[in-house]
Amino acid sequence: MKRGRVVAVLVGGVFCLAVMSLYRMLELMQGVERDRGGGTPVGQVEEDLSRLQLKIDRLERLLVDNNRLVARLRDSLLVRESPEGRGGANISSDSAHNRVGLPPGCLKVKEIKDGADGVQLLDVYDLLPFDNPDGGAWKQGFQISYRGDEWAEQPLELFLVPHSHNDPGWLKTFDGYYQDQTRHILDNMLVKLGEDNRRKMIWAEISYFSKWWSDIDDQKKALVRRLVETGQLELVTGGWVMADEANSHYFALLDQLMEGHQWLQTHLGVKPSSGWAIDPFGHSPSMTYLLKGAGLSNMLIQRVHYSVKKHFARQQTLEFLWRQSWDSSSRSDITCHMMPFYSYDVPHTCGPNPSVCCQFDFHRLPGGRVFCPWRIPPQPITEQNIKERALLLLDQYRQKSRLFRSPVLLVPLGDDFRYVESKEWDAQFSNYQKLFDYFDQHPELHIKARFGTLSDYFAALHRRLDAAGTTLPTLRGDFFTYADRDDHYWSGYFTSRPFYKRLDRTLESTLRATEILYTLTLADIRRFHDDSRLVEGFPAREHYQRLTEGRRSLGLFQHHDAVTGTARDPVVIDYGTRLFRAILNLRQVLLSSAHWLLLLDKSQYHKDQSKPFLQMDEVISAQDALPQKTTLTLDDEPRSLIVFNPTEQLRATVINLVVDSPDARVVDAETGRPIAAQMSAVWVEPSKVSAEAFQLTFVAELPPLSLTVYHVIKAPDGSTPRARYIIHRHGNPPTVHSEHFQVSQLEGTDVSTPLSLSNKHLQIWSSPETGLLQKLRLQSGLVRQVQVQFLWYGTRTSGDRSGAYLFLPGGEGPQVYSSSEPPLVRVTRGPIFSDITSCFPHFTHTVRLYHLDGHAGKSIEISNTVDIRSETNRELVMRLISDVASSNRFYTDLNGFQLIGRWQLIGRWQLIGRWQLIGY
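For the structure given in this document, a descriptive report is provided here. (Residues numbered from 1 in each chain as written. Predicted model: local features only at pLDDT ≥ 70, side-chain atom pairs only at ≥ 80, totals over all residues. Heavy atoms only, no water.)

## A look at the pairing of strand 7 (residues 319-323)
Which entries qualify depends on this criterion: Only protein chains enter the accessibility calculation, which uses a 1.4 Å probe; a residue whose area is less than 20% of its type maximum is buried, one above 50% is exposed, and one in between is partly exposed. Counting from the N terminus, the helices are the DSSP runs of H or I reaching at least four residues and the strands are the DSSP runs of E reaching at least two. In this analysis, strands are considered paired if DSSP registers two or more bridges between them.
Most of strand 7 is tucked away, with five of its five residues classed as buried. Here strand 7 shows no split at all, with Glu319, Leu321 and Arg323 on one side and Phe320 and Trp322 on the other all buried. Summarising the sheet, strand 7 and strand 8 (residues 334-338) pair through four bridges and their orientation is antiparallel. The residue bridging Leu321 from the neighbouring strand is Thr335, located in strand 8. Pairing between strand 7 and strand 11 (residues 474-476): three bridges, direction parallel. Residue pairing for strand 11: Leu321 is matched across the bridge by Thr474.

## So, the packing of aromatic side chains
To be explicit about the condition: Pairing of aromatic rings covers Phe, Tyr and Trp, the last counted by its six-membered ring, and requires centre-to-centre distances within 6.5 Å; plane angles under 30 degrees mean stacked, over 60 mean edge-to-face, and any other angle means tilted.
The tally for this structure, following the rule as stated, stands at 48 aromatic pairs. Arranged with centres 6.4 Å apart and planes meeting at 80 degrees, the rings of Phe159 and Tyr457 form a pair that is edge-to-face. Linking Phe159 in strand 2 (residues 156-165) with Tyr457 in helix 16 (residues 454-468), this pair joins segments that are 298 residues apart in sequence. Across the pair, exposure class does not vary: Phe159 and Tyr457 are buried alike. Consider the rings of Tyr289 and Phe897, whose centres lie 5.1 Å apart with planes at 40 degrees: the pair is tilted. Pair noted here: Tyr289 is in helix 11 (residues 285-293) and Phe897 is in the loop between strand 34 (889-894) and strand 35 (898-903), with a separation of 608 residues, a long-range link. Judged by relative accessible area, Phe897 falls into the partly exposed class, the value being 29%. Among the aromatic residues, those joined into a cluster by ring pairs are Phe360, Phe362, Tyr419, Trp425, Phe429, Tyr432, Phe436 and Phe451.

## Focus on the layout of surface pockets
Which entries qualify depends on this criterion: The rule is simple: put a 1 Å grid over the protein atoms alone, call a set of points where a 1.4 Å probe fits but cannot get out a cavity, call an open set with protein on both sides within 12 Å along at least five of seven lines a pocket, and count a residue as lining if it has an atom within 4 Å of a point. Grid points are joined across faces, edges and corners, and a volume is the space filled by probe spheres set on the points. Throughout this entry, Asp, Glu, Lys and Arg are counted as charged residues, while Ala, Val, Leu, Ile, Met, Phe, Trp, Tyr, Cys and Pro are counted as nonpolar. The remaining residues, Gly among them, count as polar.
In this structure, the second largest pocket occupies an estimated 950 Å³ of space. Lining the second largest pocket we find 36 residues, and of these Arg364, Val370, Asp415, Asp416 and Arg418 sit closest to its centre. Taken together, the elements giving at least two residues each to the lining of the second largest pocket come down to strand 9 (408-416) and helix 15 (422-441). Examining the composition of the lining of the second largest pocket, we find that three residues originate from one element, helix 15, more than from any other. Of the residues contributing to the lining of the second largest pocket, the split by class is 15 nonpolar, six polar and 15 charged.

## Observations regarding the nonpolar core
Counted only if it meets this: Here, nonpolar core means buried Ala, Val, Leu, Ile, Met, Phe, Trp, Tyr and Cys residues that are tied together by side-chain atoms lying within 4.5 Å of each other. What makes two residues a contact is simply this: any of their non-hydrogen atoms within 4.5 Å.
With 128 residues, the main nonpolar core has Phe209, Val224, Leu233, Tyr397, Tyr432, Phe439 and Phe479 as its most contacted residues. Counting residues per element, this core draws most heavily on helix 19 (residues 569-598), which supplies ten residues. Sequence-distant contacts of Val224, defined by excluding residues within four places in its chain, comprise Leu190, Phe209, Trp212, Trp213, Ile216, Leu233 and Leu268. Of all hydrophobic cores here, the second largest spans 29 residues; its members include Ala677, Tyr710, Ala723 and Leu824.

## Structural notes on the state of the cysteines
Disulfides are covalent bonds that link the sulfur atoms of two cysteine residues. Applied cut-off: Note on terminology: disulfide denotes any pair of cysteine sulfur atoms within 2.5 Å.
A complete count under the given rule lists two disulfides for this structure. Here Cys358 is linked by a disulfide to Cys372, with a sulfur-sulfur distance of 2.1 Å. Disulfide Cys358 to Cys372: torsion about the S-S bond roughly -105 degrees, handedness left-handed. Separated by 14 residues along the polypeptide, Cys358 in the loop between helix 13 (354-357) and helix 14 (386-401) and Cys372 in the loop between helix 13 and helix 14 bring together distant segments of the chain. The class of Cys372 is buried, set by a relative accessible area of 6%. Along the chain, the cysteines engaged in disulfide bonds are linked according to the scheme 1-2, 3-4 when indexed in sequence order.

## Regarding the sheet that holds strand 22 (residues 724-728)
Threshold: Under this scheme, a helix contributes an axis fitted over its contacting stretch, all axes are lines through C-alpha atoms, and angles between N-to-C directions fall in the 0 to 180 degree range.
The sheet built from six strands is open, its strands ordered 23-22-29-30-31-32 with mixed pairing. Each end of this open sheet is capped by a strand with a single partner; those strands are strand 23 (742-745) and strand 32 (861-866). Strand-to-strand twist across the sheet, computed as the mean angle between neighbouring axes with direction ignored, equals 15 degrees. In terms of strand pairing, strand 29 (residues 824-829) meets strand 30 (residues 833-839) through five bridges, oriented antiparallel. From the neighbouring strand, Arg826 faces strand 30, where its bridge partner is Thr837.

## Examining unusual backbone geometry
For residues besides glycine, phi is generally negative; the peptide bonds are generally trans as well. Residue Thr481 follows Phe480 across a cis peptide bond; omega there is 5 degrees. With respect to the helices and strands, the residue Thr481 is situated in the loop between strand 11 and helix 17 (498-528). In the Ramachandran plot, Asn873 falls in the positive-phi region, its phi being about 55 degrees despite a non-glycine side chain. Residue classification places Asn873 among the partly exposed residues on the basis of a relative accessible area of 41%. We note that Asn895 has phi near 60 degrees; this positive angle belongs to a residue other than glycine.

## A word on the packing of helix 18 (residues 540-557) against helix 19
Heads up, the rule is: Handedness of a crossing is defined here by the sense of rotation of the near helix relative to the far one, left-handed for an anticlockwise turn of less than a right angle and right-handed for a clockwise turn.
Put simply, helix 18 and helix 19 touch, their axes get as near as 9 Å, and they point 150 degrees apart. Between helix 18 and helix 19 lies a crossing whose hand is left-handed. For the pair helix 18 and helix 19, the contacting residues are His543, Arg546, Leu547, Glu549, Gly550, Ser553, Leu556 and Phe557 in the first and Tyr575, Arg578, Leu579, Ala582, Asn585, Leu586, Gln588, Val589 and Ser592 in the second. When its residues are assigned to classes, the contact of helix 18 with helix 19 shows eight nonpolar, six polar and three charged.

## Examining the side chain of Thr317
Topologically, Thr317 is positioned in the loop between helix 12 (306-315) and strand 7. Residues in contact with Thr317, not counting those within four places in the same chain, are Phe312, Arg405 and Pro473.

## Describing helix 12
The α-helix advances 3.6 residues per turn, and as a result positions three or four apart in sequence lie on the same side. Among the ten residues that make up helix 12, eight are buried, leaving the element largely enclosed by the rest of the structure. Every buried residue belonging to helix 12 is among Tyr306, Ser307, Val308, Lys309, Lys310, His311, Phe312 and Ala313, and all of these are buried. For helix 12, the elements touching its buried residues are helix 6 (121-127), strand 7, strand 8 and strand 11. With its phi angle positive at about 55 degrees, Gln316 sits one or two positions after the end of helix 12.

Listed below in C-alpha cells is the structure:
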C-alpha cells in the first residue's frame, strides 16, 4: 500500500474518532427534548454549553496529540520508502515486505477469495440460472417435506414477533402518516401490551417514536420505560429511519443511526442490539459494518433476489455471518437472518404457503376492510376448531423450520401500518394466545411457541447453536440488484428523481461543514472569555437547534422511500421543502460562526440576520430550483472572499465566482500574494455570451480546518488571462459575438479533425461533430479508447412499465440518442481549465481538464445538465465504452465507503439486472 494511502487512512481514522466524539459532546447540550415538562432554563443551557466547551478543549488536545502521531507515522513511512529502506527498486508490490504496514484483517480481495472459507456472493451468482419455475405453494421456491420426528429431542422453539412497518413518508407525508395512523398505533401499544405481560412488540423508526414521545405525558413515558425494561417492547436498529442502502452515502447512514441511538440513550437509556431491515430494496455490507460498529450483533434482512433466497434455503444458509469483503478476520462479522419468502406480511412469513398463512392473519377476519386474496378467510379460534387450526399452522411452522439449521424459528406478525385500531390488537393477540396455549397443553406436538422480540429470537438461536456446537457459514458480498419476481429488477430507483438525490448530498456536505465550524466557534468563544461562559450575543442555543433539525431532515431523507425517489409527488415536495429549509438554516449557522471567527474585535459581533456580515456566493430560491451564483460587484476597493476547508487535510481546490467585470485580481489577504486566475464567459444560451457577468476562476490553497480570506479587486482592462473559444456546429456554423472574449470557428480540414485538449498528465480527443469523448492518452503514453454515448431507453408497451422502482425497458433495447440538428460544440482553452461542451436539445455535456497537479490534473471531470421534462416514458443514459480488457469483471462503490467486485452475468441476468449503482 502506498504511503499516501496509508497516511490518508490514518488521518481518516483519527478524524472519524473526532467526529464520533464530537457528536457525543453535541448531544450533551440538547435541551429541547429533555423530560422536564417545559423549556430548558437558560442557566441549564449555559451549564451544558460550558461542559461542552471543556470537552471541546479536551478534544482539541486529543487532536493535537493524534496529529503528532500521524506525523511520526508519516515520517517513518518516508524512511521506509526511501531507497535505503526499500531494499532495492525491484521489490514486487505484492511482496510480504509491502504488506507489513497493512492493518490487521486488511487483505486484498483476491487473497481472501483464494485462501479463506465462506461464501462469496459472486460465486453464488455464477452458479444460479436465475430462472423462475413454479415451485408449487411456494411459487418461487420448492416443495418442503419432513418426517415429523425431527423435533422429538429438541422441540421447535417459535418466536412470533409483532411489528408495524411505518414508512416516514410514502403515499402520505411524514406528518400525514403520523396524524392518521402512527400515533394511534403507539397509543394502543401502551394499552395492549400492558394488559398481558406475555405480549411483545418491536419498533424501528425512531423519527416517529420521538415525535410521539414529545406528545405524551410523563405517566405514559413511565409506562414506555417499564415496557422497555421488562423486554415487552424492543427498539430495533435504532436508526432515525429504516434507511435505503443503495443511494445513501455512508455519512448520512451513520448520521441517522447516531441521531436515533442518541435519542434512545437520552430518553430511554437503551442501546439496540439487533437490526431490522424488512423493506430497503436490496442490502449493502456498508450498512452491516456501521451496525456492527454501533454495537449491534444481529440483524434481519428481507428484500433479496428470489433466486438467491431459494438457493440459500436449499443450502440451509439463510442465517449466516456477514463479513466485509476486505476483512480476513471475524471482527466485522454480524449474525444475519434472511427471511425466506416473498414479503414481510403475514401471508408470507408463517410458512411457504401464503394461502394458509393468510388464514392466520386475524386482522383479515370476515367483516373487516382487509381480506385474503386466496379467498379462504381466517377463522376466530374456538374450542371447536382449535385442534384443526393449530395443526394446520404447525405444519407451516415445521416446513419453514426445515430451511434453517437450528430448531429455533422466527415468524414476524405484521405489515405496513398495522395495529392502528384496538380491535386488531385484540384479534391477533387473543387468537394466537389460544393457539400457543394449545401447543403447551399438547407436548406431543414438540413446539414451544410464544410472542417474542428480535433479541429474544437471536438469544435463543445463539444458545441452541452453542449447545449443538454449530457454526454459521460466513458470507461476503452484497444483495444488489433486487428482484421480487420474474424479471422485475428494482434498478429503477437508482436514478429516480435525481434532482433530490443531489439536494441530499448538498445538505449532507453543508451539515458536516457547519457542525465543524460551529464547534470551532464555541471553542474560540471559550478561549475569548476567561469565565468559560458564552457570549450573550452569540445564538449558540438557536444554532444548535438548527443543527439538530438539519441532522434530522437529512436522516429522514435516508428513508427507503425518500432518497430512492419512490414516494408520491406531494410527499417528494414535502421532503424537498425539509431539505431546502435545513440548508437555509445551516447557512445561517455557517455565516454566523464564520463571522465570529473572522472578527479581530469580537465586540463587533452582531446576530442581526437582516444585516448579515457575510453572504453565500450561491442562492437557492426554492426546493425545486437549481442554485444560482451571486454576481459579485467589483470596484477599486477589495471585496473579501472567505473559503472554508472543513477537512483535516491541506487542499488545493478550484474556486469559481461570477463577477461584473471582465478583469479582476485575486490576492491572498494575509500575505498579499497575487493568485493566478482565469476569466471565462458566462453563457446565457449555447451561442450567446453574457455582457454583464463573467466567471472568475482561481486555485485556492486551503490549510486544514481553515477560513482563508482572499481579496478580489477590479483590474485594468486586459490584465486577467481570458479563455479562448472555438464554436462549431456541423453543417450550420453559429454566429457568436463577444466584446471581451476571442471566439473563432473551425475552418478547412479542422472541421473533420478530432477536437483535442491536453495538460501535462492527459490528452483527450473528441468527435468534431458531437464533441463527445473518443479516446485519451495517459502520461505513460498509453492510449485508451474511451467513448461517450448517449442513449434512450423506452419502456414496455404492455404489462408493467418502468417507473420509480423498476427499470423495464422496451424490447427494442437502447436507441442511440439523435436530434434533428447537430449539437453546438464549444471548446474552451484557458490557463486553469479547458473543456469541451456539447449542447444537445435535452442535455448539455461537458468534459473538462484542469491544468493542475494532483488528482484534479490527473482526472477528467464530466458533467451533464439534463432536462427531459418534455419526454414521456423515456430514460436518458450516458454510456462509456472502453477497450479495457476486464474479462467481464468490474468494480463499483457501495455508499461511498468501499469498492466491490462484480461480474457481468451476460445471458443469465437480464439487462435490467446488470445495472449497478455508482456512488456520487
